[in-house]
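The primary structure of each chain is shown beneath.
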Amino acid sequence: MYNETLEWIENALDSLHETGKMGSLHWRATYTEEDHKALKLLERWMREKNLEVFYDDIGNLFGKIEGEQDKIVLTGSHRDTVKNGGKYDGALGIICAIAAAGALYEEFGKPKKSVEVVAFCEEEGSRFLSGYLGSRYFVGQLSDDILLERDANGITLTEAIRHAGFSGKRAQKSLQMQKVERFIELHIEQGGVLEQSGEQVGLVTSIVGLLIGKITIDGHQNHAGTTPMHLRKDPVTRAAQFITEMNQWAMAYNEAVTCTFGEIQVFPNKSNVIPGSVSLSFDIRSTSPAILQEARMRIKNLQQQEDGFRYTLEFAAPNAPAQMDEDGLKLLEEAAKKLHLSYRKMHSGAGHDAEMVAQNIKTNMIFVPSVGGISHSPLEYSKMDDIGHGYLLLKEFLREIAWGHEEEKA
Ligand code: GLV
Ligand code: MN
Ligand code: MN
């Protein structure tokens, strides 16, 4: 039975990955043709495993096993991928959740508490800047500003939601959220700590906070050959200087903060033209709200400079650092011991839907080792043996919480 399930998970990962193929690139952005294909597959698998399928108004997909009580245990992850991403980020958490809920229903029948599997939309922010849209919506934190964000083709989030057939109507708190008692997300580690230490699973204790956005620097566009160096206002050199300063600032904090400028666009992007403008994304992460605030001030200070450049700043909606639930962590430790799995309690430097959900609901995460610590890359890979351990732990946790006899503490 276990081997059959692992085979099912492996095949499902391959099939879901296929839905994101765009020529030589892999990218499953939300509300696209690729997303639609993925949803059809996920719906089919949910039904095959006796889950009742429904959507909320932003397009989060749910599969439900009705329980005896009016309480819900939620599990799952996000279905979108970064541009040129891999097979496991997000997908693994949904597929393992479908497999675990289906297997438990087959073994034990109707649960005490309902179990819902969620496939959240647009976590990665690779189409709309703020990201975590499905989980933000779920906890009632999707603001008007986010709904007006535009993708690279100028389509607003509201337009994209409607085009995909969802109303986008917001309730203050989504109806399911009010009944959800716990959330658990299984995810690949996306780093190399578990592989190095040899522990079989990671139990997440906290998730990093993020400061994300975009800086546009306008200078003076001119001829590359006739304009002497001292008469230029080249925004690329200014951007390079700022990137270097920010990297030095982050390095001085040792491990306490990361700083990345991953998306840089130069206009007009021609070799014989001094650029007129450059825009750069920033992605700054820390568990310290004070460090994130310092980074925000450093970026805001750009607008105080009187250096002849014009600075336009755009900050995405904030993501505060999150703590995972202590009782849930203890339960996971006990379950890992019962299954004879070695584990490590660890922090997450990657952002997750769990971070949003944790603002309102007791939340935990299970990490599966990533080979070479690689993620957000086509080389992302996790071994099936390791995936199996994560799956078994998720299943045991769900069994205990939703089918078990122990009443939750209030
Ligand atoms: C989400 O995957 C992130 O950490 O950027
Ligand atoms: Mn992810
Ligand atoms: Mn990701």
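Heads up: the structure comes first, above all this text.
Here we summarise the structure given alongside this text. (Residues numbered from 1 in each chain as written. Chains lettered and ligands numbered in written order. Predicted model: local features only at pLDDT ≥ 70, side-chain atom pairs only at ≥ 80, totals over all residues. Heavy atoms only, no water.)

Quick look at the overall build of the protein chain
Along the backbone of the protein chain there are 13 helices and 18 strands. Its C-alpha atoms give the protein chain a radius of gyration of 22 Å, within 12% of the compact-globule value 22 Å for 410 residues. Overall size of the protein chain, expressed as C-alpha extent along the three principal axes, is 80 × 45 × 40 Å. For the protein chain, buried positions account for 54% of its 410 residues. The long-range share in the protein chain, meaning contacts at least 24 apart out of those at least 6 apart in sequence, stands at 77%. Just so you have it, the protein chain exposes about 18,400 Å², and 48% of that area is on carbon and sulfur atoms. Distance between charge centroids for the protein chain: 3 Å, based on 44 positive and 59 negative side chains. (Helix = DSSP H or I, 4+ residues; strand = E, 2+ residues; numbered from the N terminus. Rg over C-alpha atoms; globule rule 2.2 N^0.38 Å. Buried < 20%, exposed > 50% of the residue type's maximum accessible area, 1.4 Å probe, protein only. Contact = heavy atoms within 4.5 Å. Areas by Shrake-Rupley, 256 points an atom, 1.4 Å probe, with all protein chains shown as cover. Lys, Arg positive; Asp, Glu negative; His and termini not counted. Charge placed at Lys NZ, Arg CZ, Asp CG, Glu CD.)

Topic: the packing of aromatic side chains
Under the counting rule described, the total for this entry stands at 11 aromatic pairs. Their ring planes at 45° and their centres at 5.4 Å tell us that tyrosine 55 and phenylalanine 166 sit as a pair that is tilted. Taken as a pair, tyrosine 55 in strand 3 (residues 52-55) and phenylalanine 166 in the loop between helix 6 (157-163) and helix 7 (175-179) lie far apart in primary sequence, 111 residues in all. Between tryptophan 249 and tyrosine 253, the aromatic rings sit 5.6 Å apart at their centres with planes inclined by 80°, giving edge-to-face as the arrangement. You can call tryptophan 249 buried: its relative accessible area is 7%. Joined through ring pairs, the aromatic side chains of Phe54, Phe62, Phe120, Phe138 and Phe183 make up one cluster. The side chain of arginine 296 reaches across the aromatic face of phenylalanine 315, ending 4.6 Å from its centre. (Phe/Tyr/Trp six-rings, centres within 6.5 Å; stacked < 30°, edge-to-face > 60°. Lys NZ or Arg CZ within 6 Å of the ring centre and 35° of its normal.)

Some words on helix 10 (residues 289-300)
An ideal rise of 1.5 Å per residue puts 16 Å on 12 residues; helix 10 measures up with 16 Å between its terminal C-alpha atoms. Those residues of helix 10 that fall on the buried side of the exposure criterion are Ile291, Leu292, Ala295 and Ile299. Looking straight down helix 10, one finds its buried side chains confined to an arc of 100°; they lie on one side. Counted as exposed and oriented over 90 degrees from the buried face of helix 10: Pro289 and Ala290. Elements that come into contact with the buried residues of helix 10 comprise strand 9 (209-218), helix 9 (235-252), strand 14 (277-286) and strand 15 (310-315). (Expected span 1.5 Å × (residues − 1). Arc of directions from axis to C-beta.)

A short note on the site of ligand 1
Around ligand 1, a shell composed of Glu123, Glu124, Tyr132, Arg285, Ala350, Gly351 and His376 is seen. Contacts to ligand 1 include arginine 285, whose side-chain N or O atom sits 2.7 Å from an oxygen atom. Starting from 190 Å² of accessible surface for ligand 1 in isolation, the protein chains cover 92%. A class-by-class count of the residues in the shell around ligand 1 yields two nonpolar, two polar and three charged. (Near = heavy atom within 4 Å. Polar contact = N/O pair within 3.5 Å; in protein donor to acceptor, adjacent residues only side chain to side chain. Nonpolar A, V, L, I, M, F, W, Y, C, P; charged D, E, K, R; others polar.)

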